[in-house]
Amino acid sequence: APSHRADAWRFVLRMVAGVLVGWAGYDMTGSSPGDADGARRWYTLTRALALAGVAVAFFGLAEMANVQPVTAWLAGFKAAPTRVGDLLRLSSTLAYATIAAMALELTAPLVIAWALTAKRVPARVIMGAALDASLLALTFTLTRSGNAALLVAFVLAAAVAWRWARWAAIALLASGFLLIAIAAAYFLDNPLLSLRI
């Protein structure tokens, strides 16, 4: 329809961009699993995805803190802020809070992996803080399914890791407990949020 032509073009361009990003990701990772260059590309790609999730978290936390330059810039990414009643839901650089939750829940395990495999202590500390920010941001999206899905992912990953790397399984379970603690604190601070559950 002529009245929605611009929206239709934006949608088509987003789909094309998604296909191109997928193609670029496939190309970056190489074709042979044993290939050392392919492994290096996998690390680069997963770290880039982890950093993208951390960026979503930090911009979202600035949005929740009402940092004016950031909120003014983020307004260009969405038609309107996502709300539950009077409460703002974190949506960061994405159009809607649920989409932000999906980005955060998909990248949080990559942040944990980076924190666990970093060789230097400062990198582990930085990635641990980034994980905390991601879990806090996920809670602020007020997306029930996002929080539940990440908890299930942590438990399943911990069950798989328990046999080979108990320290990784413990870190995953601790991250799950941290997510529960953050959500509980936020919901206790805002009793009306119990209606959201």
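One can find the structure itself at the top, above this paragraph.
Residues numbered from 1 in each chain as written. Predicted model: local features only at pLDDT ≥ 70, side-chain atom pairs only at ≥ 80, totals over all residues. Heavy atoms only, no water.

K.L.:
Which residues make up the overall build of the protein chain, and what values go with them?
P.N.:
When you go through the protein chain residue by residue, the secondary structure sums to 7 helices and 2 strands. Each helix and strand of the protein chain, ordered N terminal to C terminal, gives the series α-α-α-β-β-α-α-α-α. Dimensions of the protein chain, computed from C-alpha atoms along their principal axes, come out at roughly 50 × 45 × 30 Å. Out of the 197 residues in the protein chain, the part that is buried amounts to 35%. Across the protein chain, every contact between residues at least 6 apart in sequence was considered, and the portion connecting residues at least 24 apart equals 56%. Here the protein chain has roughly 12100 Å² of accessible surface; of this, 71% comes from carbon and sulfur atoms. (Helix = DSSP H or I, 4+ residues; strand = E, 2+ residues; numbered from the N terminus. Buried < 20%, exposed > 50% of the residue type's maximum accessible area, 1.4 Å probe, protein only. Contact = heavy atoms within 4.5 Å. Areas by Shrake-Rupley, 256 points an atom, 1.4 Å probe, with all protein chains shown as cover.)

K.L.:
For the packing of aromatic side chains, give the residues involved together with the corresponding values.
P.N.:
Applying the stated criterion across every chain yields a total of 4 aromatic pairs. Relative to Tyr186, the ring of Phe140 lies with its centre 4.7 Å away and its plane at 70°, an arrangement referred to as edge-to-face. Placement of Phe140 in helix H5 (residues 121–140) and of Tyr186 in helix H7 (residues 166–189) is noted, with a sequence separation of 46 residues between them. The burial state of Phe140 is the same as that of Tyr186; both residues are buried. (Phe/Tyr/Trp six-rings, centres within 6.5 Å; stacked < 30°, edge-to-face > 60°.)

K.L.:
With reference to specific residues and values, describe the nonpolar core.
P.N.:
Ranked by internal contacts, the top residues of the largest apolar core, which has 38 residues, are Leu90, Leu104, Val111, Leu135 and Leu150. Mapped by element, the contributors of at least two residues to this core are helix H2 (36–64), helix H4 (97–117), H5, helix H6 (144–161) and H7. With residues near it in sequence (within four places) discarded, Leu90 still touches Gly60, Leu61, Glu63, Met64, Ala97, Ala100, Leu104, Ala137, Phe140 and Thr141. (Core = buried A, V, L, I, M, F, W, Y, C linked by side-chain atoms within 4.5 Å.)

K.L.:
Can you tell me about a nonpolar patch on the surface, naming the residues and giving the values?
P.N.:
Residues Trp9, Phe11, Val12, Leu13, Met15, Val16, Leu20, Trp23 and Tyr26 make up a contiguous nonpolar surface patch of roughly 1000 Å² in combined accessible area. As for its position among the elements, Trp23 is in helix H1 (residues 5–29). For Trp23, a relative accessible area of 59% gives the class exposed. (Patch = residues over 30% accessible without salt bridge, like charges linked within 9 Å, V, L, I, M, F, W, Y side chains within 5 Å. Salt bridge = Lys/Arg side-chain N within 4 Å of Asp/Glu carboxyl O.)

K.L.:
So what about the environment of Ala183? Which residues, and what values?
P.N.:
Among the structural elements, Ala183 can be located in helix H7. Taking the relative accessible area as the measure of exposure, Ala183 reaches 18% and is therefore buried. The sequence separation of Ala183 and Leu135 amounts to 48 residues, and the corresponding C-alpha distance is 8.9 Å.

K.L.:
Can you tell me about H2, naming the residues and giving the values?
P.N.:
The terminal C-alpha atoms of H2, which comprises 29 residues, lie 42 Å apart, in line with the 42 Å expected from a rise of 1.5 Å per residue. Of the surrounding elements, those touching the buried residues of H2 are H1, helix H3 (68–74), strand S2 (87–89), H4 and H5. Once H2 finishes, Asn66 follows within two positions and takes phi at roughly 60°, a positive value. (Expected span 1.5 Å × (residues − 1).)

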